[in-house]
Amino acid sequence: MQHLDDSTRIELEAAAFRRLLRHLDEHKEVQNIDLMILADFCRNCLSKWLVAAAEERGESVDYEAAREYVYGMPYSEWKTKYQADATPEQQAAFEARQQEKKAARQDADS
């Protein structure tokens, strides 16, 4: 990718991001908690990253507008239609992931 000019690289990155959003939209059965357990990010994180990227460039993007972009609909609608309650197993796996991250941070700090 280093051989590409900045404009082309940015276009490719944007296209890959749009494809990621389509992929997530096509797989609504994948819950945010599943993403957090496996990859340490979720749809809400993507929304926050969009807001942060806008701010870094002196632009303003409302968090709820960013979530609507990422989810393809208002978050409240997506949540009602597609978000299931986390199972005890998911909750335990998420908590274990959080403890692993905490331990890794403590190791890095020492």
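Use the structure listed above.
The sections below set out a description of the structure shown in this document. (Residues numbered from 1 in each chain as written. Predicted model: local features only at pLDDT ≥ 70, side-chain atom pairs only at ≥ 80, totals over all residues. Heavy atoms only, no water.)

1. Quick word on the pattern of salt bridges
Turning to step 1, where the next piece is worked out: Counting across every chain of the model gives eight salt bridges.
Turning to step 2, where the next piece is worked out: The salt bridge partner of R57 is E56, with a shortest N-O separation of 3.6 Å. With respect to class, R57 is no different from E56; both count as exposed.
Turning to step 3, where the next piece is worked out: Overlapping salt bridges bring together D6, R9 and E13 as one network. (Salt bridge = Lys/Arg side-chain N within 4 Å of Asp/Glu carboxyl O. Buried < 20%, exposed > 50% of the residue type's maximum accessible area, 1.4 Å probe, protein only.)

2. A word on the packing of helix 2 (residues 32-39) against helix 6 (residues 88-109)
Turning to step 1, where the next piece is worked out: Two elements in contact, helix 2 and helix 6, have axes whose closest approach is 9 Å; the angle formed by their N-to-C orientations is 35°. As helix 2 runs across helix 6, the sense of the crossing is left-handed. Of the residues in helix 6, those touching helix 2 at I33, D34, M36, I37 and A39 are Q90, Q91, A93, F94 and R97.
Turning to step 2, where the next piece is worked out: Its residues assigned to classes, the contact of helix 2 with helix 6 comprises six nonpolar, two polar and two charged. (Axes fitted to C-alpha atoms, helices over the stretch in contact; angles between N-to-C directions. Helix = DSSP H or I, 4+ residues; strand = E, 2+ residues; numbered from the N terminus. Left-handed = near helix turned anticlockwise from the far one by under 90°. Contact = heavy atoms within 4.5 Å. Nonpolar A, V, L, I, M, F, W, Y, C, P; charged D, E, K, R; others polar.)

3. A few points about the environment of L38
Turning to step 1, where the next piece is worked out: Examined against the element boundaries, L38 turns out to sit in helix 2.
Turning to step 2, where the next piece is worked out: When the C-alpha positions of L38 and A108 are compared, they lie 21 Å apart, and in sequence the two are 70 residues distant.

4. Digging into the packing of aromatic side chains
Turning to step 1, where the next piece is worked out: Evaluated as defined, the whole model comprises four aromatic pairs.
Turning to step 2, where the next piece is worked out: Arranged with centres 5.8 Å apart and planes meeting at 45°, the rings of W78 and Y82 form a pair that is tilted. With W78 and Y82 both in helix 5 (residues 75-82) and four residues apart, this pair spans about one turn of that helix.
Turning to step 3, where the next piece is worked out: Pairwise contacts between aromatic rings join Y71, Y75, W78 and Y82 into one cluster.
Turning to step 4, where the next piece is worked out: Taking the ring centre of Y82 as reference, the NZ or CZ of K28 above it sits at 5.2 Å.
Turning to step 5, where the next piece is worked out: Residue placement shows R67 over the ring face of Y75; its charged tip is 3.7 Å from the ring centre. (Phe/Tyr/Trp six-rings, centres within 6.5 Å; stacked < 30°, edge-to-face > 60°. Lys NZ or Arg CZ within 6 Å of the ring centre and 35° of its normal.)

Everything listed here is a matter of coordinates, which is why it stays silent on function.
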